[in-house]
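Below are the chains, spelled out letter by letter.
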Amino acid sequence: MAGYYSYGEQSAHYFTRPHEGPAPGTVGGPAAWRAEDVADASRWRQTLTPEQVDELRRAVAHALGTGRPLGELTADDFPLPTVCAEIARWREAIQGGLGFKVVSGVPVEEWSEEEASACFWGLGLHMGRPGAQNPQGDLL
């Protein structure tokens with residue numbers, strides 16, 4: 001069994017949920033923001049520390065060292081002993097806050113496409129269960 005949702009599984013889940021109609025009135029909550037609500041970037045931007053970047057580098061090397069394709073990796077294959085607590089805060093901010101988080105400092109300029117893909121896949125595994133991005137099953 002795949003460790004991610006296929007596009008078909010995601011679609012079936014969406015279409016089998018009860019949909020009663022459009023939202024009744026104004027959408028509220030922190031994710032119903034306007035430009036002035038996000039003018040202070042410190043509310044939604046996270047810059048990685050040098051120690052966190054080093055931890056990402058080690059996790060990428062570990063994940064690629066397994067020799068398995070991205071879709072077969074688990075969060076355990078992308079070890080983030082200290083960054084995982086920060087990721088839990090990001091997840092909380094996304095689910096109960098503005099609905100997004102921008103993370104700066106990921107050293108993609110020094111990585112190959114394979115390494116950058118492993119990093120984003122691994123971070124995603126720590127955020128939740130990934131799903132295919134399109135009917136072709138693209139995961140990134």
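Visitor: Explanation requested: the side chain of Glu86 in the structure shown.
Guide: Here Glu86 lies in helix α3 (residues 83–96). Overall, the relative accessible area of 12% leaves Glu86 in the buried class. Apart from residues no more than four positions distant in its own chain, Glu86 is found in contact with Gln46 and Gln52.

Visitor: For this particular structure, what's the right way to read α3?
Guide: Every α-helix carries 3.6 residues per turn, so stepping three or four residues along brings you back to the same face. Over its 14 residues, α3 runs 20 Å from end to end, which matches the ideal 20 Å to within 8%, given 1.5 Å per residue. Buried residues of α3: Val83, Glu86, Ile87 and Trp90, and no others. Taken end-on, α3 shows its buried residues confined to a sector of 100°, consistent with a single buried face. More than 90 degrees from the buried face of α3, the exposed residues found are Glu92, Gln95 and Gly96.

Visitor: Is there a simple way to explain the confidence of the model for the chain in this structure?
Guide: Note that predicted coordinates carrying low pLDDT should not be read in detail. Mean pLDDT over the chain: 87, with 89% of residues reaching 70 or higher. Of all helices and strands in the chain, the one with the weakest mean pLDDT is helix α1 (residues 7–16) (69), whereas helix α2 (residues 50–65) scores best (98).

Visitor: Could you clarify how one ought to interpret the packing of α3 against helix α4 (residues 113–127) in this entry?
Guide: Helix packing geometry: the angle between the two helix axes and the distance between the axes. Between α3 and α4, the shortest axis-to-axis distance is 9 Å and the interhelical angle comes to 70°. Taken together, the axes of α3 and α4 are roughly perpendicular relative to one another. Crossing of α3 over α4 shows right-handed handedness. In contact with Cys84, Ile87, Trp90, Arg91 and Ile94 of α3, α4 contributes Leu123, His126 and Met127. Among the residues forming the contact of α3 with α4, the class breakdown is six nonpolar, one polar and one charged.

Visitor: Can you walk me through the nonpolar core in this structure?
Guide: For soluble globular proteins, the rule of thumb is that nonpolar side chains tend to be buried together. In this structure, Leu56, Phe78, Leu80, Trp111, Cys119 and Leu123 are the most contacted members of the largest nonpolar core, which totals 22 residues. The element best represented in this core is α4, accounting for six residues. Once residues within four sequence positions are removed from consideration, Phe78 is found in contact with Leu56, Ala59, Val60, Ala63, Ala118, Cys119, Gly122, Leu123 and His126.

Visitor: I keep staring at the pattern of salt bridges and nothing clicks. Help me out?
Guide: Side chains bearing opposite charge may pair, as long as their charged atoms lie close to each other. Inspection of every chain in the model, using the stated rule, returns four salt bridges. Residue Glu110 pairs with Arg57 through a salt bridge whose shortest N-O separation is 2.6 Å. With Glu110 in the loop between β2 (102–104) and α4 and Arg57 in helix α2, the pair connects residues that are 53 residues apart, well separated along the chain. Taking relative accessible area as the criterion, Glu110 reaches 43% and is therefore assigned partly exposed. Between Asp77 and Arg68 there is a salt bridge; the shortest N-O distance is 2.2 Å.

Visitor: Explanation requested: the packing of aromatic side chains in the structure shown.
Guide: By convention here, two paired aromatic rings are described through the distance between centres and the angle between planes. Applying the stated criterion across every chain, the model contains two aromatic pairs. Aromatic pair Trp44 and Phe100: ring centres 5.7 Å apart, planes at 45°, arrangement tilted. In this pair, Trp44 sits in the loop between α1 and β1 (45–47) while Phe100 sits in the loop between α3 and β2, placing the two residues 56 residues apart along the sequence. A relative accessible area of 15% means that Trp44 is categorised as buried. According to the relative accessible area criterion, Phe100 is partly exposed, its value standing at 25%. Here the aromatic cluster, defined as three or more aromatic residues joined through ring pairs, consists of Trp33, Trp44 and Phe100.

What counts, and where the lines are drawn
Residues numbered from 1 in each chain as written. Predicted model: local features only at pLDDT ≥ 70, side-chain atom pairs only at ≥ 80, totals over all residues. Heavy atoms only, no water. Helix = DSSP H or I, 4+ residues; strand = E, 2+ residues; numbered from the N terminus. Buried < 20%, exposed > 50% of the residue type's maximum accessible area, 1.4 Å probe, protein only. Contact = heavy atoms within 4.5 Å. Expected span 1.5 Å × (residues − 1). Arc of directions from axis to C-beta. pLDDT = per-residue confidence, 0-100. Axes fitted to C-alpha atoms, helices over the stretch in contact; angles between N-to-C directions. Parallel < 35°, antiparallel > 145°, perpendicular 65-115°, else oblique. Left-handed = near helix turned anticlockwise from the far one by under 90°. Nonpolar A, V, L, I, M, F, W, Y, C, P; charged D, E, K, R; others polar. Core = buried A, V, L, I, M, F, W, Y, C linked by side-chain atoms within 4.5 Å. Salt bridge = Lys/Arg side-chain N within 4 Å of Asp/Glu carboxyl O. Phe/Tyr/Trp six-rings, centres within 6.5 Å; stacked < 30°, edge-to-face > 60°.

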